[in-house]
Amino acid sequence: MRSTGYRRTFAALSLCSLALAVSACGSGDDTASGKTRITVNCMPPKSAKVDRQFFEQDIASFEKQHPDIDVVAHDAFPCQDPKTFDAKLAGGQMEDVFYTYFTDARHVVDIHQAADLTPYVKELKSYGTLQQQLRDIYTVDGKIYGIPRTGYSMGLIYNKKLFEKAGLDPEQPPATWEELRADAKKIAALGDGTVGYADYSAQNQGGWHFTAELYSQGGDVVSADGKKATIDTPEGHAVLQNLHDMRWTDDSMGSKQLLVINDVQQMMGSGKLGMYLSAPDNIPILVKEKGGNYKDLALAPMPGGKGTLIGGDGYMVNKKASPDQIRAALQWLDHMFLTPGAGFLGDYARAKKADAPVGLPEPRLFSGAADAKDQQVKKANANVPVENYQAFLDGNQSLRMKIEPPDAQQIYSVLDGAVSAVLTKKDADIDQLLKDASGKIDGILARG
């Protein structure tokens, strides 16, 4: 899962409607007036004025540099709707160049809907500069089927002002779950509706966070071969026991449960929440939409010190695309997203001028010299308190980076039940919850 679609503002993503004719999405004919024509998705909607303007500017500059290529962009909300994604693919209605979450890559390849980019990827100038672990996500059986666009990792957002009021050091965020529990209890003791720690437990988001918390404990959701659940373990038990104890023994999570991301963001933005798990892209939402202040919001690495969940997105190319369309797609990706310090996500000077936040610690897409250049340009244009995120950057260096499990959404739905149970039932049987969830996950994996 991903909490937002664009890192600067809010979830402003795109999807070509199933009601459109086939020719409106996949291009069919790859030439238009002698040009190579590609359809692309994930253009911000008109309601996201700044992002929309940037996207259109970048397409215009690309077409000026490549007069032989015609880019037709589609917008809607969201970029990818899990309810219609497979139907679009199967019905031939997918764009030539289409957005995917990391967790989609293998599935799209398995159902034979992605073009093999391996013979062409040498023409993607930036490919060798991208982080290897992100490239690997779109590599299946030695062949390349997609290009990563952004990456994120989970951390702990916390309110420095509440830390100070509770007598805690805001420069020393909790490094373990034991420390987090103790800090949450002190923050909740401030009273007046203040909650020490909040977590999601509905709409598959509870399962998503259970996974992140399990990774932080050193555990896994499924076995290495992807065939069996591995949640009924001491690590899995520790995740649920910790949530249960904070909720019922410490009373540090508040009485309102079955929360989803918007609920928790509202709590943090209003100054009534001490901590919650999130990727860095939540911070501008907390400020721009929920009333928060950049100086009060800091980011720490995942407690536990053993691992963190990573995710992100990228683009794949329709299996029906011609060689010329594939080449045009790769050139477009280079221009739009994959040039350090430039393009839709990397033109930090432009973003700063538009009063969009610059200086958040992610996404870190590049490696080596390309990463150094990207970070240099970002630092030069930073307009947020970057010192508030240094602990996150430093701590991530020693964490194991783990992608979401296969069949993630189905698994998260199962795990939602376990998380919601311990947060709403004081007498919840954790052993039985894990046993039942394991059986259901085994069934999901067997069908997959």
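Computed from a prediction, not measured in an experiment: that's the story for all the values here. (Residues numbered from 1 in each chain as written. Predicted model: local features only at pLDDT ≥ 70, side-chain atom pairs only at ≥ 80, totals over all residues. Heavy atoms only, no water.)

With that out of the way, let us pick up a negative patch on the surface. There is a patch of like negative charges on the surface, built from D232, D427, D429, D431 and D436. The residue D436 is located in helix α17 (residues 430-447) in this model. For D436, a relative accessible area of 38% translates into the label partly exposed. (Patch = residues over 30% accessible without salt bridge, like charges linked within 9 Å, V, L, I, M, F, W, Y side chains within 5 Å. Areas by Shrake-Rupley, 256 points an atom, 1.4 Å probe, with all protein chains shown as cover. Salt bridge = Lys/Arg side-chain N within 4 Å of Asp/Glu carboxyl O. Lys, Arg positive; Asp, Glu negative; His and termini not counted. Charge placed at Lys NZ, Arg CZ, Asp CG, Glu CD. Helix = DSSP H or I, 4+ residues; strand = E, 2+ residues; numbered from the N terminus. Buried < 20%, exposed > 50% of the residue type's maximum accessible area, 1.4 Å probe, protein only.)

Another point: the nonpolar core. Ranked by size, the top nonpolar core spans 74 residues in total, and within it Y197, F210, I231, L243, M275 and I441 carry the most contacts. When residues in this core are grouped by element, the largest group, ten residues, is from helix α16 (residues 408-424). Ranked by size, the runner-up nonpolar core spans 55 residues in total, among them I38, L89, V97 and Y138. (Core = buried A, V, L, I, M, F, W, Y, C linked by side-chain atoms within 4.5 Å.)

Let's shift gears to the confidence of the model for the chain. For the chain, the mean per-residue pLDDT works out to 91, and 93% of the residues sit at or above 70. Here residues 3-24 is a poorly scored stretch, pLDDT under 50, and it has 91 contacts once near neighbours within four places are set aside; other chains count. (pLDDT = per-residue confidence, 0-100. Contact = heavy atoms within 4.5 Å.)

Counted residue by residue, strand β8 (residues 155-159) has five buried out of five residues, so it is predominantly covered. Bridge count between β8 and strand β10 (residues 273-278): four bridges; the pairing is antiparallel. Its bridge partner lying in β10, G155 is registered against S278. The pairing of β8 with strand β11 (residues 297-301) spans five bridges and is classified as antiparallel. Each bridged residue has a counterpart across the sheet, and for Y158 the counterpart in β11 is A298. (Pairing = 2+ DSSP bridges.)

Moving on, we come to the sheet that holds strand β9 (residues 195-197). Strand pairing in a sheet takes place through backbone hydrogen bonds and is either antiparallel or parallel in direction. Here we have four strands laid out as an open sheet, ordered β9-β10-β8-β11, and mixed in their pairing. Because the sheet does not close on itself, it has two edges, and the strands there are β9 and β11. The average undirected angle you get between the axes of adjacent strands in this sheet is 25 degrees. Each of β8, β9, β10 and β11 is contacted by helix α9 (residues 261-269), which is oriented at about 140 degrees to β10, the strand it contacts most. (Axes fitted to C-alpha atoms, helices over the stretch in contact; angles between N-to-C directions.)

Right, let's get into the pattern of salt bridges. Side-chain pairs of opposite charge can arise where the charged atoms are in close proximity. All chains considered together, the criterion is met by 19 salt bridges. With a closest N to O distance of 2.6 Å, R52 and D75 form a salt bridge. Of this pair, R52 sits in helix α1 (residues 49-65) while D75 sits in strand β3 (residues 69-75); the two residues are 23 residues apart in sequence, bridging distant segments of the chain. A salt bridge links D245 to R181; the nearest nitrogen and oxygen atoms lie 3.8 Å apart. Separated by 64 residues along the polypeptide, D245 in helix α8 (residues 234-249) and R181 in helix α6 (residues 177-188) bring together distant segments of the chain. Note on D245: relative accessible area 16%, which makes it buried. Residue class for R181 comes out partly exposed when judged on its relative accessible area of 25%. Linked through salt bridges whose partners overlap, the residues forming this network are R52, E56 and D75.

This part covers helix α14 (residues 368-380). Taking 1.5 Å of rise per residue, 13 residues should cover 18 Å, and α14 covers 19 Å from first to last C-alpha, within 8% of that figure. At its buried positions, α14 is contacted by α13 (348-353). (Expected span 1.5 Å × (residues − 1).)

Contact geometry of α8 with α17 gives a least axis separation of 10 Å together with a crossing angle of 130 degrees. By the angle class used here, α8 and α17 are oblique. Every pair of crossing elements has a handedness; the one defined by α8 and α17 is right-handed. Residue-level inspection shows G236, H237, L240, Q241 and H244 of α8 in contact with α17, the latter providing I430, D431 and L434. (Parallel < 35°, antiparallel > 145°, perpendicular 65-115°, else oblique. Left-handed = near helix turned anticlockwise from the far one by under 90°.)

So, on to the packing of aromatic side chains. Inspection of the entire model under this criterion finds 13 aromatic pairs. When the centroid spacing of 5.5 Å and the interplanar angle of 80 degrees are considered together, the rings of Y99 and Y101 count as edge-to-face. Of the residues examined, Y99 reaches a relative accessible area of 1% and is grouped as buried. Between W177 and Y197, the aromatic rings sit 6.2 Å apart at their centres with planes inclined by 85 degrees, giving edge-to-face as the arrangement. With W177 in helix α6 and Y197 in strand β9, this pair connects stretches of sequence that are 20 residues apart. Neither W177 nor Y197 differs from the other in exposure class; each is buried. Of the aromatic side chains, those joined through ring pairs into one cluster are F55, Y99, Y101, Y315, W332, F337 and F344. Over the aromatic face of F337 sits the side chain of R149, whose NZ or CZ is 5.1 Å from the ring centroid. Over the face of the ring belonging to F54 we find R350, whose NZ or CZ atom lies 4.2 Å from the ring centre. (Phe/Tyr/Trp six-rings, centres within 6.5 Å; stacked < 30°, edge-to-face > 60°. Lys NZ or Arg CZ within 6 Å of the ring centre and 35° of its normal.)

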